[in-house]
Amino acid sequence: MTSNPHRLSDAEIQGFIDGKTKPLGALGRVETLAAQLARFCNTLTPRIDTCELVIFAADHGIALEGVSAFPQAVTQQMVQNFLAGGAAANVFARSQGIPVHVVDAGVAGDPIDHPKLWSRRIAPGTESSLHGPAMSAAERDAALNAGARIVANTSANALAFGEMGIGNTASASLLAHKLSGLALNDLIGRGTGVDDTGLAHKSAILAQASQRTAPSLSADTALSEYAGFEMVMMAGAMQAAAEDGRIVLVDGFIATTTAAAALGRAPHIRPAMVFCHRSQEAGHRVLLEWLTADPLLDMDMRLGEGTGALLAWPLVKAASAMLCDMASFDSAGVSQG
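Below, the structure is looked at part by part. Throughout this description, residue numbers start from 1 for each chain and increase along the sequence as written. A pLDDT threshold of at least 70 governs which residues receive local features in this predicted model, and a stricter bar of 80 or more applies before side-chain atom pairs are shown or counted, although totals over entire chains, interfaces and linings include all residues. In computing side-chain values, all of the structure's heavy atoms are included and hydrogens and water are not.

### Observations regarding the pairing of strand 2 (residues 100-106)
Now for step 1: Burial analysis of strand 2 places six of its seven residues in the buried class, which makes it a mostly covered element.
Now for step 2: Paired strands are those between which DSSP finds at least two bridges. A helix here means a DSSP run of H or I that spans at least four residues, while a strand means a run of E at least two residues long, and both kinds are numbered starting from the N terminus. Relative to strand 3 (residues 117-119), strand 2 runs parallel, the two being bridged by three bridges. The residue bridging aspartate 104 from the neighbouring strand is serine 119, located in strand 3. In this scheme, a residue with accessible area under 20% of its type's maximum is buried, one over 50% is exposed, and one in between is partly exposed, where area comes from a 1.4 Å probe on protein chains only.

This is the structure in structure tokens:
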């Protein structure tokens, strides 16, 4: 966002924030967020006032193993709901004037024909990771590249990324396990709302799928073995957005797992990432701790779609406005006491 060759120091940033017309530290975590924005953008006045939401949708072969409370057909039905503007993500985005883009990364069934849909379909869903890799290396790379190209079709200085895919909490649990080394059982939750019997079945299936591969995998290998096309495409988009100087608004469990994979591929993009909310999904909390990420919100949500990122966006916008527009003691002629 800036061509300033001088890298701002933390002391310069903090001094600028401390000079605003308020008691020291009075804006709490808004100040921490503002410092992150200034550091990433390398300017004391980063104007971050536009946001777009990209929702990636795809199906997961492992859903056919009975790990979700909903049938796979719901993915395509929800894509139609997004396109019609009826989902929670649409409502939250519309309330803030945020454009929504819906991407078919690999939804099962016949291709969706809709003028508003961004079709980047790799295949009609992944293979079941219970029996082998979810996708080939070539499919993974195609999805990563498609995600990067999607970012080029956006213009906002902050991007929120959402997802939809029946079975994707199962895929995310496996992916997070292979990336972090965290216990698989600590990363498995109820997803769409499976009951106790369903949760036990889901845990057993994921344990079998995990045993196919080494305990720890590289980011690219973990993506091809266990991820969905929507997750891989989102990882490519996150990396491209950060490298293009955009703020990346990280949503819930699926998006945070994807962010962990993107960071495994490109650790330098971490300063761009704003972790937006702490999901009620069990694995999200332990994964956030592993990432040493402290999200802005904790609203007991577990929907996905980018909803948590959308709710956090006003805080990001406000932190930017504080840096750009709030008077300093000197400019306002206010005594510091």
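### Observations regarding the pattern of salt bridges
Now for step 1: Should a side-chain nitrogen of Lys or Arg be within 4 Å of a carboxyl oxygen of Asp or Glu, the pair is scored as a salt bridge. Per the counting criterion, the structure on display carries 13 salt bridges.
Now for step 2: The closest approach of N and O atoms between arginine 265 and aspartate 220, which form a salt bridge, is 2.5 Å. Here arginine 265, found in helix 11 (residues 253-265), pairs with aspartate 220, found in helix 9 (residues 219-226); they are 45 residues apart in sequence, far enough to count as distant.
Now for step 3: We note a salt bridge from aspartate 294 to arginine 278, for which the minimum N-O separation is 3.5 Å. Of this pair, aspartate 294 sits in the loop between helix 12 (282-290) and helix 13 (307-325) while arginine 278 sits in the loop between strand 6 (273-275) and helix 12; the two residues are 16 residues apart in sequence, bridging distant segments of the chain.
Now for step 4: Take aspartate 294: its relative accessible area is 48%, and that puts it in the partly exposed class.
Now for step 5: Among the charged side chains, a network of salt bridges with common partners joins Arg29, Arg278, Arg285, Asp294 and Asp298.

### Details of the environment of phenylalanine 161
Now for step 1: In this fold, phenylalanine 161 is placed in strand 4 (residues 158-164).
Now for step 2: Take phenylalanine 161: its relative accessible area is 1%, and that puts it in the buried class.

### A look at the environment of aspartate 325
Now for step 1: Relative to the elements of secondary structure, aspartate 325 occurs in helix 13.
Now for step 2: What makes aspartate 325 partly exposed here is its relative accessible area of 48%.
Now for step 3: Spatially, the C-alpha atom of aspartate 325 lies 8.4 Å from that of threonine 45, the residues being 280 residues apart in sequence.
Now for step 4: Between N or O atoms, a polar contact is any pair within 3.5 Å; within protein, one atom must be a potential hydrogen donor and the other a potential acceptor, and residues adjacent in sequence are included only when both atoms are from side chains. Here arginine 47 takes part through its side chain, which lies 2.7 Å from a polar atom of the side chain of aspartate 325.

### Description of the environment of glutamine 14
Now for step 1: Considering the arrangement of structural elements, one finds glutamine 14 in helix 1 (residues 10-18).
Now for step 2: Sequence separation of glutamine 14 and serine 218 is 204 residues, and the distance between their C-alpha atoms is 37 Å.

### Brief notes about the packing of aromatic side chains
Now for step 1: Centre distance within 6.5 Å is the pairing criterion for rings of Phe, Tyr and Trp, where only the six-membered ring of Trp is used; planes under 30 degrees apart are then read as stacked, over 60 as edge-to-face, and the remainder as tilted. Counted according to the given criterion, the structure contains one aromatic pair.
Now for step 2: Arranged with centres 6.1 Å apart and planes meeting at 40°, the rings of phenylalanine 56 and phenylalanine 161 form a pair that is tilted. With phenylalanine 56 in strand 1 (residues 51-58) and phenylalanine 161 in strand 4, this residue pair connects regions lying 105 residues apart in the sequence.
Now for step 3: Judged by its relative accessible area of 0%, phenylalanine 56 falls in the buried class.

### Some details on helix 12
Now for step 1: Among the residues making up helix 12, those that are buried are Gly283, His284, Leu287 and Leu288. The buried residues of helix 12 occupy an angular sector of 130° when projected down its axis, which confines them to one face.
Now for step 2: Should any heavy atoms of two residues lie within 4.5 Å, those residues are considered in contact. Buried-residue contacts for helix 12 involve helix 6 (168-180), helix 7 (184-187), helix 11 and strand 6.
Now for step 3: Backbone geometry just after helix 12 places threonine 292 at a positive phi near 50°. The directions from the helix axis to the C-beta atoms form the arc being described.

### Some words on the packing of helix 11 against helix 12
Now for step 1: Axes, fitted as lines to C-alpha atoms, cover a helix only where it is in contact. Angles between the N-to-C directions of the axes lie from 0 to 180 degrees. Running from N to C, helix 11 and helix 12 point in directions that differ by 30°, and their axes come no closer than 9 Å. When the axes of helix 11 and helix 12 are compared, the pair comes out roughly parallel. Here helix 11 and helix 12 pass one another in a crossing that is left-handed. Here Phe253, Thr256, Thr257 and Ala260 of helix 11 lie close against helix 12, whose contacting residues are Gly283, His284, Leu287, Leu288 and Trp290. We call two directions roughly parallel when the angle between them is under 35 degrees, roughly antiparallel when it is over 145, roughly perpendicular when it lies between 65 and 115, and oblique otherwise. In this scheme the crossing of two helices becomes right-handed for a clockwise turn of the near helix relative to the far one and left-handed for an anticlockwise turn of less than a right angle.

### Here we look at the layout of surface pockets
Now for step 1: Estimates place the volume of the largest pocket at around 500 Å³.
Now for step 2: As for the largest pocket, its lining consists of 27 residues, and the residues nearest its centre are Asn168, Gly191, Thr192, Arg302 and Leu303.
Now for step 3: If you list the elements that add at least two residues to the lining of the largest pocket, you get helix 3 (73-84), strand 4, helix 6 and helix 11.
Now for step 4: Broken down by element, the lining of the largest pocket gets its largest block of residues, three residues, from helix 6.
Now for step 5: Note on residue categories: nonpolar means Ala, Val, Leu, Ile, Met, Phe, Trp, Tyr, Cys or Pro, charged means Asp, Glu, Lys or Arg, and polar means any other residue, Gly included. Tallied by class, the residues present in the lining of the largest pocket amount to ten nonpolar, eleven polar and six charged.
Now for step 6: A cavity, in this analysis, means grid points on a 1 Å lattice covering only the protein atoms where a 1.4 Å probe fits yet has no way out; a pocket is instead an open set bounded by protein on both sides within 12 Å along at least five of seven lines, and a residue lines either one if it has an atom within 4 Å of a point. Arg29, Thr32, Gln36, Met273 and Asp294 are the residues nearest the centre of the second largest pocket, which is lined by 14 residues in total.
Now for step 7: Listed by contribution, the elements that provide at least two residues to the lining of the second largest pocket are helix 2 (29-41) and strand 6.
Now for step 8: Looking at the lining of the second largest pocket, the element that brings in the most residues is helix 2, giving five residues.
Now for step 9: Residue composition of the lining of the second largest pocket, grouped by class: seven nonpolar, three polar and four charged. Grid points are joined across faces, edges and corners, and a volume is the space filled by probe spheres set on the points.

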